[in-house]
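So the chains spell out like this:
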Amino acid sequence: MRYYSLNHNAPEVSFKEAVIQGLAPDKGLYFPQSITALPAAFFENIEALSNEQIAFEAIRQFTGDEIPEKDLKEIIADTLCFDFPLVKVEKNVYSLELFHGPTMAFKDVGARFMSRCLAFFNKANTNSKNTVLVATSGDTGGAVASGFLGVKGVEVIILYPSGKVSDIQERQLTTLGQNITALEVDGVFDDCQDMVKKAFLDADLKHKNLTSANSINIARWLPQMFYFFFAYKQLKSKGKSLIFSCPSGNFGNICAGIMAKRLGLPIAHFVASTNVNDTVPRFLEKGNYEPKPSKATISNAMDVGNPSNFIRIQELYDHNLEAFKKDFSSYSFTDAATTIALENIYSNSGYIAEPHGTVGFLGLKAEMQKQPNSVGIFLETAHPIKFSEVVEPALKIKLPIPKQIEGVMNKEKRMIKIKTYAELKAFLI
Ligand SMILES: *Cc1c(COP(=O)(O)O)cnc(C)c1O
């Protein structure tokens, strides 16, 4: 499969090159040259297939002949080492739980898949070495640290803002050691992100083969299609029109869902649910795309002012706004509304959500008022323990610590403190 840059000013590349580069040289996101729908029989028989078989069919056209069938199957088996249960919350409303992986956030799927692809490419060329450089506001860092731990030929450097990530999140990215280094930046997330962007453009660092592990990287983005298929497989009422609501920050998840639809998955409608960082809902309402600096909220993994994958979504709809609006709605919710909904979900159904999933729930309910005869699924993107500072006081409960989290609680945190880009550069060299 060939990939082109959405800035249309860079050469087409292979899957391998797109993964290794992350972003095209013209700073555009890579996009596959063709998307071929899967046969109808695949969807008719989906219940008989294992998750690994489904994932293989969904992704094979995108890796093409660059990863042999046997190796791709191994990568998938290694990626999907946990469950993706669909849990009924109320009549016709389901939570798709994506948090049963090693760091208890959906990002485990993409991080594991991408790291194993890089390891495969490095196996064929033992001289090559890559450096994954990533800025995190919380969840990405942990998933990338865990997903890349011990992967040969790959060094991982994670920048996180001092004092802005939760204790659990900090532990997940500072306690692993080996090929993972955490840099604690005296600043906010945007400072970390700016330093990473600067490093990618710095000619003095070319020899380091820097790549990103955010959803701009196709090997992190594309495997996020998998769990839309897994949800459909588990759904009993397949006759009804199906709505997915994704709590959205960089819009990687929802964009992967739209890819699944293009592969033939019968999804009638998508809802991008956001917190007050509402660039996309404002765009749909007013027609002009005006990114703003991000604001801090209780669903902090969605505090994104300029969602990087929105351009891929527009490409999927050939930049046809009318066609796009038929399939897609977007709603924004305040922290106050989210906290009330978190409490209501718990008191009405006993289900313990967390702030991101709750924003997804609210968006789903808003759309289902317009489309009452549908069945809706919201993505629960993280385990409530990761946001226990919000969940425990709101629900007046104490959450037990899951074993994945227990594993990092007693280990020593190790990080290097930096303040400026010059310090980052000196470290990299
Ligand atoms: C990253 C993240 C999101 C946002 O996902 P995008 O693909 O960036 O839209 C939502 N919830 C949680 C818990 C996350 O970690």
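Quick note: structure is the one above.
Everything in this summary refers to the structure shown in the same document. (Residues numbered from 1 in each chain as written. Predicted model: local features only at pLDDT ≥ 70, side-chain atom pairs only at ≥ 80, totals over all residues. Heavy atoms only, no water.)

With respect to the overall build of the chain
At step 1: Tallying secondary structure elements over the chain gives 19 helices and 14 strands in all.
At step 2: Computed over its C-alpha atoms, the radius of gyration of the chain comes to 20 Å, within 12% of the 22 Å expected for a compact globule of 429 residues.
At step 3: Seen through its C-alpha atoms, the chain measures out along the principal axes to roughly 60 × 50 × 45 Å.
At step 4: Buried residues in the chain amount to 59% of all 429 residues.
At step 5: For the chain, the proportion of contacts with a sequence separation of at least 24, taken over those separated by at least 6, is 76%. (Helix = DSSP H or I, 4+ residues; strand = E, 2+ residues; numbered from the N terminus. Rg over C-alpha atoms; globule rule 2.2 N^0.38 Å. Buried < 20%, exposed > 50% of the residue type's maximum accessible area, 1.4 Å probe, protein only. Contact = heavy atoms within 4.5 Å.)

A word on the pattern of salt bridges
Where charged atoms of side chains with opposite charge meet at close range, the side chains can pair.
At step 1: Counting across every chain of the model gives 18 salt bridges.
At step 2: Across the salt bridge formed by Glu392 and Lys398, the nearest N and O atoms sit 3.5 Å from each other.
At step 3: We classify Glu392 as buried; its relative accessible area is 15%.
At step 4: Overlapping salt bridges bring together Glu57, Arg60, Glu69 and Lys73 as one network. (Salt bridge = Lys/Arg side-chain N within 4 Å of Asp/Glu carboxyl O.)

Regarding the layout of surface pockets
At step 1: What the second largest pocket holds in volume is close to 290 Å³.
At step 2: Residue composition of the lining of the second largest pocket, grouped by class: four nonpolar, three polar and four charged. (1 Å grid on protein atoms, 1.4 Å probe; cavity = no way out; pocket = protein on both sides within 12 Å on 5 of 7 lines; lining within 4 Å. Points joined across faces, edges and corners; volume = space filled by probe spheres on them. Nonpolar A, V, L, I, M, F, W, Y, C, P; charged D, E, K, R; others polar.)

Quick look at the sheet that holds strand E3 (residues 30–32)
At step 1: Spatial strand order, E2-E1-E3: three strands in an open sheet with antiparallel pairing. The sheet is open, and its two borders are formed by strand E2 (13–14) and E3, each paired with just one other strand.
At step 2: The pairing of strand E1 (residues 2–5) with E3 spans three bridges and is classified as antiparallel. Across the sheet, Ser5 pairs through a bridge with Tyr30, a residue of E3. (Pairing = 2+ DSSP bridges.)

Focus: the site of the ligand
At step 1: Among the 15 residues in the neighbourhood of the ligand, the closest are listed as Lys107, Asp139, Gly249, Asn250 and Thr381.
At step 2: Separating an oxygen atom of the ligand from a side-chain N or O atom of Asp139 is a distance of 2.8 Å.
At step 3: Asn250 places a polar main-chain atom, nitrogen or oxygen, 2.8 Å from an oxygen atom of the ligand.
At step 4: Residues that form the shell around the ligand fall into these classes: six nonpolar, seven polar and two charged. (Near = heavy atom within 4 Å. Polar contact = N/O pair within 3.5 Å; in protein donor to acceptor, adjacent residues only side chain to side chain.)

A few points about helix H5 (residues 107–124)
At step 1: Over its 18 residues, H5 runs 27 Å from end to end, which matches the ideal 26 Å to within 8%, given 1.5 Å per residue.
At step 2: When you tally the buried positions in H5, you get 15 out of 18 residues, the bulk of the element. (Expected span 1.5 Å × (residues − 1).)

Re the environment of Phe324
At step 1: The topology assignment puts Phe324 in helix H14 (residues 321–327).
At step 2: Owing to a relative accessible area of 3%, Phe324 belongs among the buried residues under this scheme.
At step 3: Once the C-alpha coordinates of Phe324 and Val93 are considered, the two residues, 231 residues apart in sequence, prove to be 24 Å apart.
At step 4: Those residues in contact with Phe324 that sit more than four places away from it in its chain are Leu284, Phe310, Ile313 and Tyr317.

Comments concerning the state of the cysteines
As used in these notes, a disulfide is a covalent bond between sulfur atoms, one from each of two cysteines.
At step 1: This model, assessed by the stated rule, comprises zero disulfides.
At step 2: Just so you know, Cys246 is unpaired, no disulfide at all, and the nearest cysteine sulfur is the one on Cys255, 10 Å from it. (Disulfide = S-S within 2.5 Å.)

Looking at the nonpolar core
At step 1: One finds Tyr3, Phe148, Phe228, Phe229, Phe244, Ile313 and Phe328 to be the most contacted residues of the largest nonpolar core, which totals 100 residues.
At step 2: The dominant element in this core, judged by the number of residues it contributes, is H5, at eight residues.
At step 3: Dropping the residues within four chain positions of it, Phe228 is found in contact with Phe244, Cys246, Asn253, Ala256, Gly257, Ala260, Leu265, Ile267, Phe270 and Leu379.
At step 4: Val93, Met104, Ile168 and Phe361 belong to the second-largest nonpolar core, a separate cluster that totals 28 residues. (Core = buried A, V, L, I, M, F, W, Y, C linked by side-chain atoms within 4.5 Å.)

Describing the sheet that holds strand E8 (residues 180–185)
Backbone hydrogen bonds are what pair the strands of a sheet, in a parallel or an antiparallel way.
At step 1: Taken in spatial order, the five strands line up as E9-E6-E7-E8-E14 in an open sheet, and their pairing is parallel. Both edges of this open sheet fall to strand E9 (210–211) and strand E14 (416–418), since each of them pairs with a single strand only.
At step 2: Of the pairings in the sheet, the one linking strand E7 (residues 154–161) to E8 comprises six bridges and is parallel in character. By the bridge assignment for E8, Pro161 is matched with Val185.
At step 3: The sheet contacts of helix H6 (residues 139–148) involve strand E6 (130–135), E7 and E8, and relative to E7 the element is tilted by about 165°.
At step 4: Together, E6, E7, E8, E9 and E14 form the strand contacts of helix H8 (residues 189–201), whose direction differs from that of E6 by roughly 150°. (Axes fitted to C-alpha atoms, helices over the stretch in contact; angles between N-to-C directions.)

These values are about where atoms sit, not about what they do.
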